[in-house]
Structure formats: C-alpha cells, structure tokens
Amino acid sequence: MSWLFGYKSQAPPQGGGDGGPEPPGPPPSSAGQMAGDANLTKAERKAMEAYRFDSSALERAAEAARTLERSKHAREALELSKMQENTRQQEYLAKVKEYEAHIETSKVEQKRVDHEERRKTLAEETKQQQQRAQYQDQLARKRYEEQLAQQQRVQEENLRKQEESVAKQEAMRRKTIEHEMELREKNKMKLLEAELRAKAKVDRENRDLTLEQIRLKAEENRITVMEGIKTAGSVLGQGATALLTDWNKVVTTVGGLSLLALGVYTAKGATGVTARYVEARIGKPSLVNETSRFSLLEALKHPIDTVKRLKHKPTDALQGVVLQPKLEERLRDIAIATKNTKNNKGLYRNILMHGPPGTGKTMFAKRLATHSGMDYAIMTGGDVGPMGREAVTAIHKVFDWANTSRRGLLLFIDEADAFLRKRSSEQISEDMRSALNAFLYRTGEQNPRFMLVLASNTPEQFDYAINDRLDEMVEFTLPGLEERERLIRLYFDKFVLQPAAEGKKRFKVEQWDYSAVCSRMAKMCEGMSGREISKLGVSWQAACYASEEGILTEQMVLDRCEAAARQHRQKMAWLSEQEKLDHKSITGGKGFLTQ
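What you see is a predicted model; the values in this text were computed from it and never measured.

Draft legend 1. Region of the structure containing the overall build of the chain. When helices and strands are tallied, the chain shows 18 helices and eight strands. When burial is assessed residue by residue, the chain has 26% of its 595 residues classed as buried. Restricting the contact set of the chain to residue pairs at least 6 apart, pairs at least 24 apart contribute 78%. Total accessible area computed for the chain in this model is approximately 42500 Å², and 55% of it derives from carbon and sulfur atoms.

As structure tokens, this is what we get:
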C-alpha cells in the first residue's frame with residue numbers, strides 16, 4: 001500500500017522492447033524552480049524547502065485510487081487496509097499497557113528500595129543503641145568492679161591491721177604467761193628442794209626404826225606364804241584321794257570334760273558356718289574393692305551415703321561420658337539390652353572392654369549398672385596374685401556372694417589380664433593356674449544372677465578359654481578432636497565456671513572467648529586420654545589458687561594446657577619398645593606422640 005501515500009515503486013516493464021518506457025521528466029514549472037533555486041544560498045534553499053509542495057504524489061495517489069476503483073479486488077484491498085490499521089492500533093495499545101505496567105513495576109521497586117533503606121536504617125539505629133547500651137554496661141560493670149576492688153582492699157587492710165593487733169596482744173600474753181610459768185617453776189623448785197632436805201633429815205634421824213619395821217614385815221610375809229602352801233597341798237591331796245577312791249566321781253569327771261570339749265568344737269564349727277553365711281549375705285568378699293550393693297555393715301558405717309544411694313534413681317548410661325558417636329551408639333544398645341534382660345530375668349551377656357587407660361571403661365560400667373537397676377562390684381586382677389593359695393577360695397567367695405544378689409550384680413574386673421593370662425605361652429605359677437581354673441569353672445555358663453564385665457589394656461594376653469566366654473568386645477579408643485573439645489568444655493565448666501559462679505573465695509575468671517580457647521586447647525591435647533584431660537581441669541583450679549589475686553587468665557589456662565601436653569609427650573618417650581608396641585596395638589596406631 002505504499003503507492004497510496006506517494007512512495008515510488010518500480011513498475012513492471014511494458015511493451016516488447018528491450019528497455020522500459022523513459023521516466024517522465026520533471027514538470028516545466030519544477031525545472032524553472034530548480035533553475036531559480038540554483039542562484040539561492042544554502043540558508044535560503046532550506047527556508048524554501050519548508051514551503052515547497054510536490055503535487056506529483058497526489059496525482060499518483062489519485063490515479064491509483066481510480067485504478068483501484070476499477071479493480072475487482074478493491075473491496076478486499078480496503079478490508080486489508082482496515083485490518084492492518086486495527087493491528088497497528090492493537091500493537092500501540094499493547095505498548096501503552098506495557099509502558100504502564102513498567103511504570104507500576106518501577107513504583108513497586110522504588111517502594112521496596114525505600115522499605116529496604118528504612119529497614120537498614122532501623123537496624124543500624126538498633127545496632128548503635130545496643131553498642132551504646134553495652135558500652136554503658138561495661139562502664140557500669142567496671143565501676144562496680146573497681147568499687148568491689150576498693151572495698152576488698154579496705155577490708156584486707158583492716159584485716160591486716162586487726163591481725164597485727166591480735167598478734168601483738170598474743171605476743172604480750174605469751175610473754176606474760178611464760179614469765180608466770182618461769183616464776184612458778186622457780187617456786188616449785190625451791191619448795192621441792194626444801195621438802196627433800198627435810199625428808200632427808202628425818203630419814204637420817206629414823207634410820208634404825210625403819211630397818212626394824214622392814215625386818216618384821218618380811219618375817220610375817222614368809223610365815224604367811226608357808227602356811228598357804230601347806231594348806232593348799234593338804235586340800236589338793238585330800239581331794240585327789242577322794243576322787244580316785246570313788247569310781248562314780250571319776251566317771252562324772254570324764255563325762256563332763258568330754259561334753260565340754262564337744263561343746264567347744266561344736267561352737268567353733270557353728271561360728272565358722274555363721275561367719276561364712278554372714279559374709280556371703282551381709283558383708284562383701286575381700287577381693288571386692290567397691291560395690292553399690294546394700295550391706296548392713298556399710299550402712300552402719302556410712303548411713304548418710306547409704307540413704308542417698310537408696311534414693312538414687314536410674315539415669316542415662318552415657319550421662320557425663322564423652323565418646324565417639326559410633327561407640328556411643330553401640331554402648332547405648334548394650335545398655336538397653338542389659339536393662340531389658342534384667343527386667344525379663346534373662347541370661348546376661350559377658351562383655352570385654354579394651355583400650356588405652358583413662359578412656360572411660362570403669363565409668364561406663366558403673367553407669368551401666370545404675371541405668372539397668374543392678375548392683376555393681378569392682379575388683380582388680382592384680383589383687384589375686386599376692387593371695388597365693390588363698391586365691392581360689394577368694395574367687396569362689398566372690399561368685400557365691402554374686403549369686404546371692406536379688407537385683408542382679410555387674411561384676412567388673414579391672415586389669416583382668418593380670419591373672420587371666422594364657423596358660424600355654426605364659427610362665428605362670430601353680431597358684432595362678434589354679435585361680436584361673438577356678439574362674440573358668442564359675443563362668444562356664446551364662447548366669448541370670450550376675451553379669452561379667454572385663455577391662456584390659458592388652459586383651460591379646462587373655463587365655464583362649466576366657467575369650468570363649470566373652471559375648472561382646474568393645475574397643476575404647478582415645479578421644480578425637482571433637483571428643484577432646486567436648487571433654488575440655490565439660491571439665492572447664494565443672495572445674496572453672498561453676499566454682500567461679502558459686503563465688504568461692506579467691507576464685508575469679510577473666511573475660512575472654514571461652515569457646516575459641518577450648519577449641520584451641522582441643523588441638524593442643526592430641527593423643528591425651530579423658531583422665532588426663534580431667535586432670536588438666538584440676539590444674540586450672542590449682543593455677544587460680546596459686547595466683548596472687550586469685551584470678552584465672554587466658555594465658556594461665558593455655559600455659560597449663562601446654563605443660564600437660566608436654567608431660568604427655570615425655571611420658572610417651574619414656575615407654576619401652578614393648579610398651580610402645582602394646583600402646584600402638586591398643587590405640588590402633590593413633591594418638592602416639594613422640595618428641
């Protein structure tokens with residue numbers, strides 16, 4: 001439709017010649033105007049262009065309109081033109097709507113930006129207020145601490161003056177007492193000297209009379225003794241004569257002596273049986289070092305501890321025990337199984353806990369018994385060897401005593417490899433062999449009365465028969481980085497933060513980042529056991545008590561940790577080659593430190 005608006009288009013060629021019709025030349029008037037315009041300046045030509053109108057386009061449009069009216073497709077062309085115009089209008093309206101939507105989006109975005117700026121402003125104002133409040137709180141706390149320090153200095157000065165005054169008074173009183181005692185002693189010595197002189201003078205004057213009295217008393221004593229001997233001999237002789245001459249008296253005497261001997265031996269045997277029964281039911285065997293089982297003798301000795309133990313409720317078996325997650329999961333399964341076994345009166349399973357010392361074996365055994373509602377008894381394998389021949393009897397007493405438990409007994413044997421060594425490759429005495437055989441005899445079958453838990457640092461030394469009686473073997477390894485950090489946080493809270501919060505005398509803690517320091521110390525304590533870390537907590541308390549002001553600083557904590565790590569490395573360096581091999585075997589090659 002460009003031809004409707006006067007645009008030029010190339011017309012198809014007409015006629016049969018090679019070239020098309022020549023283009024029409026410019027109108028005469030136009031030619032004249034062009035010739036006249038040549039004499040005008042550039043500015044004048046631009047001014048004339050604004051008022052010039054080319055009528056040729058209108059003529060072409062009129063000619064096209066006439067041609068279109070004569071064409072049979074005029075109506076279709078007009079409809080097509082209307083549709084194109086409608087399409088352009090719709091596109092224009094769509095662009096208008098899109099522009100309006102863009103404007104609304106811009107407004108929403110501007111509101112969001114304003115809201116975000118307002119929120120940031122409020123957050124910054126809140127932060128400034130918090131910092132201001134913290135600064136004011138720090139100033140108030142510092143002023144309060146300075147006041148407390150001033151009051152403490154004044155109190156210490158007053159106390160020092162009072163102590164000096166009391167010391168002076170005490171010194172004066174001591175001097176007075178010493179002077180009085182010295183005078184009294186001199187008076188006593190003078191009085192005693194006078195008495196001795198008077199007595200010596202009297203003795204010298206009465207010497208003859210005294211000797212006569214001594215001779216008379218000796219003569220009377222000799223006569224009395226001789227008469228007593230004569231009377232006793234005559235009485236015994238008459239009694240023996242009467243007894244031997246009368247047969248009935250002889251029979252009666254012999255029977256009385258026989259009955260007396262029978263009564264003595266019967267009483268002795270009954271006393272032994274009663275003592276063994278009392279030892280089995282009331283007391284505890286000599287091999288048992290510690291037990292939670294109720295005992296009448298222990299209750300009489302320690303009534304308060306007994307009442308607390310009776311009121312104590314079962315707790316979680318892993319409470320206060322920090323171990324690796326997989327090990328904790330396995331121990332929790334053992335605790336649940338043991339508790340259900342006790343409730344259902346089933347057969348207990350025997351457990352071996354092996355690993356480096358100080359990794360929580362004894363602690364878990366106690367918690368396991370308490371969690372399951374059982375009694376526990378702890379004995380040491382090193383106590384069996386020195387007993388010699390009495391070891392067999394002592395072991396039987398332990399198991400007899402364990403079988404009498406109504407609640408069920410967890411028998412924990414620490415350092416069990418001390419008397420349960422291999423019989424084939426180890427040179428052991430006959431007494432130790434007999435003790436081992438007695439132990440194997442009493443543990444041949446699982447028992448619903450007691451549960452056997454062995455602990456050892458070198459389990460490879462156990463006799464094969466002992467390994468055959470074990471149902472579970474649990475390895476306690478040295479704590480890793482996460483476990484060491486949990487232990488350090490636990491003991492730091494127990495030995496440092498809690499005493500400081502309770503306000504104990506001469507125990508204060510400076511303010512520092514406790515969490516970061518605990519994480520740093522966990523890396524420094526590589527290879528250390530739980531027991532060594534607990535001793536580190538005690539050393540923090542000692543460092544605070546040893547300081548002049550009683551304040552525990554960050555540097556003091558780190559110094560004690562470094563000293564503990566250095567001592568651990570020194571202990572590892574002191575191990576012999578065999579001990580190093582044993583240490584590697586029980587730690588799995590981990591945690592062994594050398595300088």
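Still more ground to cover, so stick around.
Draft legend 2. The arrangement of the packing of helix α14 (residues 481-501) against helix α15 (residues 514-524) in detail. The N-to-C vectors of α14 and α15 enclose an angle of 125°; their axes lie 9 Å apart at closest approach. Here α14 lies oblique to α15, going by the angle between them. Crossing of α14 over α15 shows right-handed handedness. For the pair α14 and α15, the contacting residues are Leu481, Arg484, Glu485, Ile488, Arg489, Phe492 and Leu497 in the first and Tyr514, Ser515, Cys518, Ser519, Met521, Ala522 and Lys523 in the second.

Draft legend 3. Structural context of the nonpolar core. Ile413, Leu420, Phe439 and Leu454 are the most contacted members of the largest nonpolar core, which has 31 residues in total. Sorting the residues of this core by element identifies β3 (375-380), α11 (390-403), β4 (409-414), α12 (430-442), β5 (450-456) and α13 (464-468) as the ones contributing at least two each. Take this core: its biggest share by element is seven residues, from α11. With near-sequence residues (within four places) excluded, isoleucine 413 lies in contact with Met379, Gly381, Phe419, Phe439, Leu452, Val453, Leu454 and Ala455. Phe507, Met521, Cys544 and Cys561 belong to the second-largest nonpolar core, a separate cluster that totals 26 residues.

Draft legend 4. Inspection of the side chain of aspartate 417 at higher detail. With respect to the element layout, aspartate 417 can be found in the loop between β4 and α12. Put simply, aspartate 417 is tucked away with no salt bridge, and the nearest opposite charge, on arginine 421, sits 4.3 Å away.

Draft legend 5. Representation of a negative patch on the surface within the structure. On the surface, a cluster of negative charge is contributed by Glu510, Asp513, Glu548, Glu549 and Glu554. The residue aspartate 513 is located in the loop between β7 (508-509) and α15 in this model.

Draft legend 6. Main features of the packing of aromatic side chains. Applying the stated criterion across every chain, the model contains nine aromatic pairs. Ring pairing ties together the aromatic residues Phe399, Phe419, Phe439 and Phe450, which thus form one cluster.

Draft legend 7. Fine view of the pairing of β4. Taken across its six residues, β4 has five buried, putting it largely inside the fold. Relative to β4, β3 is paired through six bridges, and the arrangement is parallel. Its bridge partner being in β4, aspartate 375 is matched across the sheet by leucine 409. Note on the crossover from β3 through α11 to β4: the handedness is right-handed. With five bridges connecting them, β4 and β5 associate as parallel partners. Residue pairing across strands places leucine 411 opposite leucine 452, the latter belonging to β5.

Draft legend 8. Quick look at a nonpolar patch on the surface. A cluster of nonpolar side chains, Val225, Met226 and Ile229, forms an exposed patch at the surface whose accessible area comes to about 280 Å². Note on placement: isoleucine 229 falls in helix α5 (residues 207-245).

Draft legend 9. The arrangement of the pattern of salt bridges in detail. On inspection of all chains with the given rule, the structure shows 20 salt bridges. Across the salt bridge formed by glutamate 170 and arginine 174, the nearest N and O atoms sit 3.8 Å from each other. Of this pair, glutamate 170 and arginine 174 both sit in helix α4 (residues 74-205), separated by four residues, roughly a single helical turn. Relative accessible area serves as the criterion here: at 30%, glutamate 170 is assigned to the partly exposed category. For aspartate 375, the salt bridge goes to arginine 407, with nearest N and O atoms at 3.1 Å. Here the residue aspartate 375 occupies a position in strand β3, and arginine 407 occupies one in the loop between α11 and β4, the gap between them amounting to 32 residues. Looking at aspartate 375, the relative accessible area reads 5%, which means it is buried. Within the structure, one salt-bridge network assembled from shared partners comprises Glu157, Arg160 and Glu164.

Draft legend 10. Highlighting the sheet that holds β5. Strand order across the open sheet formed by six strands is β1-β3-β4-β5-β2-β6, with mixed pairing between neighbours. At either end of the open sheet lies a strand with only one pairing partner, and these are β1 (288-291) and β6 (472-475). Looking at each pair of strands side by side, their axes are set apart by 20° on average, direction ignored. Taken strand by strand, helix α10 (residues 361-372) contacts β1, β2 (351-354), β3, β4 and β5, and its axis lies near 175° from that of β4.

Rules used in this analysis
Residues numbered from 1 in each chain as written. Predicted model: local features only at pLDDT ≥ 70, side-chain atom pairs only at ≥ 80, totals over all residues. Heavy atoms only, no water. Helix = DSSP H or I, 4+ residues; strand = E, 2+ residues; numbered from the N terminus. Buried < 20%, exposed > 50% of the residue type's maximum accessible area, 1.4 Å probe, protein only. Contact = heavy atoms within 4.5 Å. Areas by Shrake-Rupley, 256 points an atom, 1.4 Å probe, with all protein chains shown as cover. Axes fitted to C-alpha atoms, helices over the stretch in contact; angles between N-to-C directions. Parallel < 35°, antiparallel > 145°, perpendicular 65-115°, else oblique. Left-handed = near helix turned anticlockwise from the far one by under 90°. Core = buried A, V, L, I, M, F, W, Y, C linked by side-chain atoms within 4.5 Å. Lys, Arg positive; Asp, Glu negative; His and termini not counted. Salt bridge = Lys/Arg side-chain N within 4 Å of Asp/Glu carboxyl O. Patch = residues over 30% accessible without salt bridge, like charges linked within 9 Å, V, L, I, M, F, W, Y side chains within 5 Å. Charge placed at Lys NZ, Arg CZ, Asp CG, Glu CD. Phe/Tyr/Trp six-rings, centres within 6.5 Å; stacked < 30°, edge-to-face > 60°. Pairing = 2+ DSSP bridges. Right-handed = clockwise from strand over helix to strand, strands pointing away.

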